[in-house]
Structures are given as structure tokens and as C-alpha cells.
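Now for the letters of each chain:
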Amino acid sequence: MTELKTFKEINKTPYLTWNWLKMNGSTLEVEADSNAKIEKKEITASKKGEILYLPLAFEDGKTYIHEQTIEAKENSEITVILDYTSLPNASGLSQIKTRLIANPYSKIHLIKVQLLGKNFVQIDDTDGECGENAKIEVTQLELGGSKVYDQVRTNLNGFSSKFKSDTAYITENGQLLDMNYVINHFGQKTDTKMLVKGVVGENALKVYRGTIDFKRGCAEATGDEQEETLLLSKSAVNKSIPMILCDEENVAGTHGSTLGRLGEEELFYMQSRGICEEEAKSMMKKAKILSVASLIPNDEVKSKIEDFLGKSPE
């Protein structure tokens, strides 16, 4: 049995801006299975070097709700790999909520690999709290799905706490990818580094909102966000809002956004070496994804990504 589900104010920006672009948030209506059960996990790290791999296989036509809390105790480190997979033509709804708690002098590395079928809808929400001298890293690869909504919010509460994210994506053939990153700096000498890169292809839409918010009291905090977007079609649409908000004087924040197409010179160079235009585009797409995939400490997951991209593992 299915029902119409409505989601309002998805990926809402912390401050309203550029209203005429209609980018301050998103809404979604989707027909979905009404019999979904919530699956909850609590993961606690108490030592260094822990790696946990959680493959999540989704069936066609089903709705999935997963909630997990990942806590790193003081002086511990953990890497958690979440792998979302379904058959290529599968449809359904996936709702993911992840809470990260990095206690003082700890580190959490969360890796999310999304390889869902072309008709799946996913809403993925991550919240983090970072203590003194702690670090949260988020690595995300978004490759499948029909409509995908990603949100990452992290509070850098402790002195010298840090956040780092690396995101890569391919959005094409009518896909929608909607992202919202919000990093709040509360503690002194906190630091953020965010990198988002990918390609937008035919009839696809990608929306990126990235906010670094320097709150009062976060003296000597630093933040940097960079975005690299390659458009591979005239029908591709890209919308980006990089924001730095500041309520503290002694901070340093930078952001950059690069938007481009595969140029004639690059194509000529590749074609002169026997590489056709379609092969050139494929190479560019894979290069962006595999550069981020190299951060994943799991060969099985890397192989799945390469297979999804149409390349056999070396």
C-alpha cells in the first residue's frame, strides 16, 4: 500500500537570500510504501583505528527509514562506511538520519556511497557535534537515484575542533541532486574545509548550498569551501549559493566556485589521441569521482563504485 508523502523545507538555508532564485529550501511530494519500519543503530567507538562497513541493500518499491547515532569517545577514532545499493531500475524512498558525536580528542570519518536505482528518491540528513580538539570528516559520493536531497549540519563547539568534507557526484539524465552544508563555528580556533566537485549532464539539475557561519566567540576560526562544477550539456542546470556568515571579527573565511564546460581545446587534444567526445566526457566524470573514492579504506566499495561507473577494477 502506498501513500502520498509531503516533505517541506528540505535543505533550508540558515538565512533567506536570493528569493527570486527559489533556492532557500526545497519541498517534495512522493508516492511511497506506507509500511516502512524505522531501523535504528547506535555505534560507539572507544579505541583508535576502528572501521565499520554497513552495506544497505534496498528492494524495488520499498520505503526505508534508517537512523543511526555514531559516537566517538574521548581519544578514539572510527570510520563508518554506509553503502546504499539497489538494482539499476529500482524505485522507492530512502530516508536516512545520522547523528555524529565527536567527544574531545576524537575523530569520526563518515563515508556515504549512494548507488541507488534510477527511480529511487533519497533524503539524507546528517547532524554533527564536535568537541575540543575533535574532528569530523564526511566523504560522500552521489551517483544514483532520481531525486536526492543531502544535508550536513555540524556544530564546532570545542576549542580547535575541525570539520572536513569531500563530496563528488554525477547528475545526469534528468536527475536532481539538492545539497545543503551548514557548519557553525562556536569554539575558538575551529576550522572547516569543504570540497564539492562533480558533473551535471543532460536535463539534470544540481543545487548546492554551502554555509560557513562564524558565531560570536569563535575567535581565530578559519573556514574554506570550494566547489568545482563541470557542465556536460546545454540542458544541464546548476545553482549554487556559497555563503560565509560572520558575527566575529578575528576570523578568516574563503570560498570559491568554478563552473565550466569541456572546452574545444581539451576536446581537440583528446581527439588527436584517438579519444572521441563521449569517451572524453566519461573520463572527466570518472576522474572526479575516483579522486574522492580514493579516500575510502575499503577495496570492495571502491570496486562497486568503479563497476557503477562502467569501469572494471584494475
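Above this text is the structure in question.
A quick note: this is a predicted structure, and the numbers were derived from the prediction, not measured.

**Describing the sheet that holds strand β17 (residues 237–246)**
Move 1: With parallel pairing, eight strands are arranged side by side in an open sheet as β3-β5-β7-β9-β11-β13-β15-β17. Two strands close off the open sheet at either side, each with one partner strand: β3 (38–45) and β17. If you compare each strand with its neighbour and ignore which way they point, the axes differ by 5 degrees on average.

**Topic: the pattern of salt bridges**
Move 1: Counted under the stated rule, the structure contains 19 salt bridges.
Move 2: A salt bridge links Lys-193 to Asp-191; the shortest N-O distance between them is 2.8 Å.
Move 3: Exposure remark for Lys-193: the relative accessible area of 46% places this residue in the partly exposed category.
Move 4: With relative accessibility at 13%, the residue Asp-191 sits in the buried group.
Move 5: Salt-bridge contacts for Asp-247 lead to Arg-216; the nearest nitrogen and oxygen are separated by 3.3 Å. Of this pair, Asp-247 sits in the loop between β17 and β18 (252–261) while Arg-216 sits in the loop between β15 (205–214) and β16 (222–231); the two residues are 31 residues apart in sequence, bridging distant segments of the chain.
Move 6: Residue classification places Asp-247 among the partly exposed positions, given a relative accessible area of 41%.
Move 7: Residue classification places Arg-216 among the exposed positions, given a relative accessible area of 65%.
Move 8: In this structure, a network of salt bridges that share partners links the residues Lys-107, Lys-135 and Glu-137.

Thresholds applied
Residues numbered from 1 in each chain as written. Predicted model: local features only at pLDDT ≥ 70, side-chain atom pairs only at ≥ 80, totals over all residues. Heavy atoms only, no water. Pairing = 2+ DSSP bridges. Helix = DSSP H or I, 4+ residues; strand = E, 2+ residues; numbered from the N terminus. Axes fitted to C-alpha atoms, helices over the stretch in contact; angles between N-to-C directions. Salt bridge = Lys/Arg side-chain N within 4 Å of Asp/Glu carboxyl O. Buried < 20%, exposed > 50% of the residue type's maximum accessible area, 1.4 Å probe, protein only.

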